[in-house]
Amino acid sequence: MSQFSAQAFWITGVGTGELRPQSLSPPGPDQVLVRTLYSGISRGTEALVFNGKVPVTEYQRMRAPFQEGEFPAPVKYGYCNVGVVEAGPADLLHQTVFCLYPHQTYYVVPAETVCPLPASVPAARAILAANVETAINGLWDSAVCIGDRVSVVGAGVVGCLVAWLAGRIPGCTVELVDIAPSKAVVAEALGVGFATPATATANTDLVIHASGSSAGLVTALNLAAFEARVVELSWYGDQAVSLPLGESFHAKRLTLRSSQVGTVASAQRSRWNYRRRLELALSLLSDPVLDCLITGEDAFANLPSVMTRLATAPNGTLCQRIVYPT
């Protein structure tokens, strides 16, 4: 196999992107060549990157595993990729795999960095794997207990997945809170309750915030009961967040902590690594109810315009699936 060219999506400036040719060399003995079937847009983080909102202090920490280029641009960024192994070790050949790779038609990576999909998980749904990992890690960080009353503020993909997972813990009562009443349909499909901030149940044992807005985090603090835990899953980029800590925050003795998927939660770290966590995330995607979180689909050729639209006017989009040419 000789060197050939793929196509990749690059962010070329603040709020702009384009498809560029990408030269690939043949895979080595411990590498695989993957033909992409689908990628997913992780809308919160990718919109911040696309809009040039990564703080200079976070340029290194926010690098994606196979990122090329540097923030703010030009940069090739993304981490929700599902494809078929077209060349590589015999045990992976022709397998459908997930990889934390950006939006690109073909790519060559170390064989150990791809994870085969379980037979029960369709490729089109597997683009949610990275988001499921974030939800798993968030619940580990939250120390959720059997029987807890749980509020999840923000019905984006990650918030919905957190609510869905928490709703499967025996005895837990879970309420998904969002400013858009239309998200009640998603909550019902996931088997959890729904409320707007004005109607949300107060005095909950655990609040997980995933709205990406300071108003949402204020709602999360207001819903928490005495000595409750509030876990922050949102990443704000260079946006400053203002909180009313002069109100009941101190009197209620609340705990506010961050959770970030780049490090395995401390309670699990001695036994779990990234691979084991990803394999768990993929296994959980066997449930077809999760298809309700993929609310849009576009061809790879349209990705530059799709990214522009999602970064400026998402109109309630959850996960956007990108379909690659066969």
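Residues numbered from 1 in each chain as written. Predicted model: local features only at pLDDT ≥ 70, side-chain atom pairs only at ≥ 80, totals over all residues. Heavy atoms only, no water.

### A look at the state of the cysteines
Here's step 1: Using the criterion set out here, one finds 0 disulfides in the structure.
Here's step 2: Cysteine 292 supplies the cysteine sulfur nearest to cysteine 160, a cysteine that is in no disulfide, at a spacing of 7.0 Å.
Here's step 3: Free of any disulfide, cysteine 172 has its nearest cysteine sulfur in cysteine 145, 8.1 Å distant.
Here's step 4: Since its relative accessible area comes to 13%, cysteine 172 is described here as buried. (Disulfide = S-S within 2.5 Å. Buried < 20%, exposed > 50% of the residue type's maximum accessible area, 1.4 Å probe, protein only.)

### Some points on empty space enclosed by the protein
Here's step 1: The full count for this structure, using the stated rule, is 1 cavity of 30 Å³ or more.
Here's step 2: Of the pockets and cavities examined, the largest cavity occupies roughly 40 Å³.
Here's step 3: In this structure, the largest cavity is lined by Leu221, Asn222, Pro244, Glu247, Ser248, Phe249 and Leu254.
Here's step 4: Residue composition of the lining of the largest cavity, by class: 4 nonpolar, 2 polar and 1 charged. (1 Å grid on protein atoms, 1.4 Å probe; cavity = no way out; pocket = protein on both sides within 12 Å on 5 of 7 lines; lining within 4 Å. Points joined across faces, edges and corners; volume = space filled by probe spheres on them. Nonpolar A, V, L, I, M, F, W, Y, C, P; charged D, E, K, R; others polar.)

### With respect to the nonpolar core
Here's step 1: Counting residues in each nonpolar core, the largest one holds 76 residues, and the members touching the most others are Leu128, Leu282 and Leu293.
Here's step 2: With 9 residues, helix α3 (residues 157-166) is the largest single contributor of residues to this core.
Here's step 3: Excluding residues within four positions of it along the chain, leucine 282 makes contact with Phe98, Cys115, Pro116, Leu117, Pro118, Val121, Ala126 and Ala129.
Here's step 4: Formed by 16 residues, the second largest nonpolar core is a distinct cluster that contains Val177, Ala195, Tyr236 and Phe249. (Core = buried A, V, L, I, M, F, W, Y, C linked by side-chain atoms within 4.5 Å. Helix = DSSP H or I, 4+ residues; strand = E, 2+ residues; numbered from the N terminus. Contact = heavy atoms within 4.5 Å.)

### Here we look at the layout of surface pockets
Take a probe with the size of a water molecule and roll it over the atoms, and the empty space left behind shows itself.
Here's step 1: Estimated volume of the second largest pocket: approximately 200 Å³.
Here's step 2: When contributions to the lining of the second largest pocket are tallied by element, the ones reaching two or more residues are α2 (129-142) and α6 (274-284).
Here's step 3: No other element matches the 3 residues that α2 contributes to the lining of the second largest pocket.
Here's step 4: Considered class by class, the residues forming the lining of the second largest pocket number 8 nonpolar, no polar and 1 charged.

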